Amino acid sequence: TVQDFVTGSGYVRKFGSALCSRLAAQADALYARATTRDATSHPMVVDLQSRTGATAVQMLHAGLEERDFAHLAAKPGSVSGPIRIAYAGTIIVEPEFQLFVTALKTVRARLDAPVTLEFFAAHRYSTEPWFDSSWMIDRGNLPEPALTGALRECSWGFAPMALTDDDPRYNRFSFPTKFISYLAAGLPVITLGHREASVVKMAKSYRVGPCVTSGDAALLEKELFAALSLKNPWAGFGAEIIRCGRTEFDATRMRRTLYDCFRTCAARSATSR
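Residues numbered from 1 in each chain as written. Predicted model: local features only at pLDDT ≥ 70, side-chain atom pairs only at ≥ 80, totals over all residues. Heavy atoms only, no water.

A.B. asks: Give a description of the pairing of strand β4 (residues 115-120) that names residues and reports values.
C.D. replies: In terms of burial, β4 is largely enclosed, as six of its six residues are buried. Burial along β4 is two-sided: the residues V115, L117 and F119 and T116, E118 and F120 are all buried. Where strand β3 (residues 83-88) and β4 come together, six bridges link them in parallel fashion. The partner of I83 across the bridge, within β4, is V115. Following the chain from β3 across helix α5 (residues 94-108) to the adjacent parallel β4, one finds a crossover that is right-handed. In this sheet, strand β5 (residues 136-138) lies alongside β4 in parallel orientation, the contact comprising three bridges. Bridging across to β5, L117 finds its partner in M136. (Buried < 20%, exposed > 50% of the residue type's maximum accessible area, 1.4 Å probe, protein only. Helix = DSSP H or I, 4+ residues; strand = E, 2+ residues; numbered from the N terminus. Pairing = 2+ DSSP bridges. Right-handed = clockwise from strand over helix to strand, strands pointing away.)

Next comes the structure, spelled out in structure tokens:
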């Protein structure tokens with residue numbers, strides 16, 4: 001099972017290119033010989049197949065359970081009150097995040113409803129120079145059931161990746177779990193990143209919310225204002241959120257596929273004995 005490539009620039013800076021190259025080669029060799037294989041994004045599947053010759057690779061990552069789909073089916077259309085934007089997890093791409101905060105600060109002053117940006121993470125961001133306690137809230141690191149419940153109270157989710165392609169082994173192949181968590185909670189997703197980023201490709205394949213691939217501040221403000229001005233975001237994005245969840249992140253189907261692989265391997269092992 002592969003979640004991230006060790007040749008990403010963050011790992012190379014930490015461990016050195018020689019060690020990362022050796023680990024990557026060992027991982028490819030293991031992958032080629034494995035009896036079951038998975039990856040975390042469609043681009044990663046293609047890359048692993050092309051480099052290792054492996055076949056029968058499934059996507060395996062966080063998913064939506066049947067209770068999540070039941071929540072989405074019963075989700076009300078329009079909810080009045082403040083516009084609450086969730087950010088789950090660690091801030092990896094700081095320049096893009098600060099660009100978003102700056103644009104959101106401008107946009108929120110033009111909106112009729114109050115806007116909050118709410119953080120769900122083990123890290124604390126209240127000491128960052130951009131943090132403004134008048135409209136930003138640190139919700140802490142919640143366990144999974146509590147996180148899902150808290151996210152359902154929000155209006156939008158934010159999923160950024162780098163706007164440059166300087167770290168393609170991360171940007172193009174890794175997939176942020178926060179995107180899936182937002183879908184499970186029924187949140188339209190504001191996606192920001194390079195056009196080749198895995199999450200951007202997913203956001204462009206399904207209309208789950210606004211997707212911006214430019215670092216132009218004026219364009220980002222325009223897109224944010226249009227999205228956050230919607231009185232009923234679920235009416236515009238709900239059907240695609242459900243379709244994306246069923247097509248790409250159905251936890252029941254992923255488990256069934258994985259268990260089928262295990263049963264096939266067990267049968268082969270019994271036959272060889």
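A.B. asks: Lay out the sheet that holds strand β8 (residues 211-212) in plain terms, naming residues and giving numbers.
C.D. replies: Taken in spatial order, the six strands line up as β5-β4-β3-β6-β7-β8 in an open sheet, and their pairing is parallel. Edge positions in the open sheet fall to β5 and β8, since each of these has one partner strand only. Along the sheet, helix α9 (residues 198-205) makes contact with β7 (189-192) and β8, crossing β7 at roughly 130°. (Contact = heavy atoms within 4.5 Å. Axes fitted to C-alpha atoms, helices over the stretch in contact; angles between N-to-C directions.)

A.B. asks: Residue-level account of the environment of V199, with values.
C.D. replies: When you line up the elements, V199 lands in helix α9. V199 gets classed as buried once you look at its relative accessible area, which sits at 0%. With sequence-adjacent residues up to four places away left out, V199 is seen in contact with M161, F175, P176, F179 and T191.

A.B. asks: Can you break down the pairing of β7 residue by residue, with the values?
C.D. replies: Neither face of β7 is open: one carries V189 and T191, the other I190 and L192, and all of them are buried. For strand β6 (residues 156-160) and β7, the ladder comprises four bridges, and the chain directions are parallel. By the bridge assignment for β7, G157 is matched with V189. Sheet topology note: the β7/β8 ladder contains two bridges and is parallel.

Honestly, that's just the spatial picture; any functional story needs more than this.
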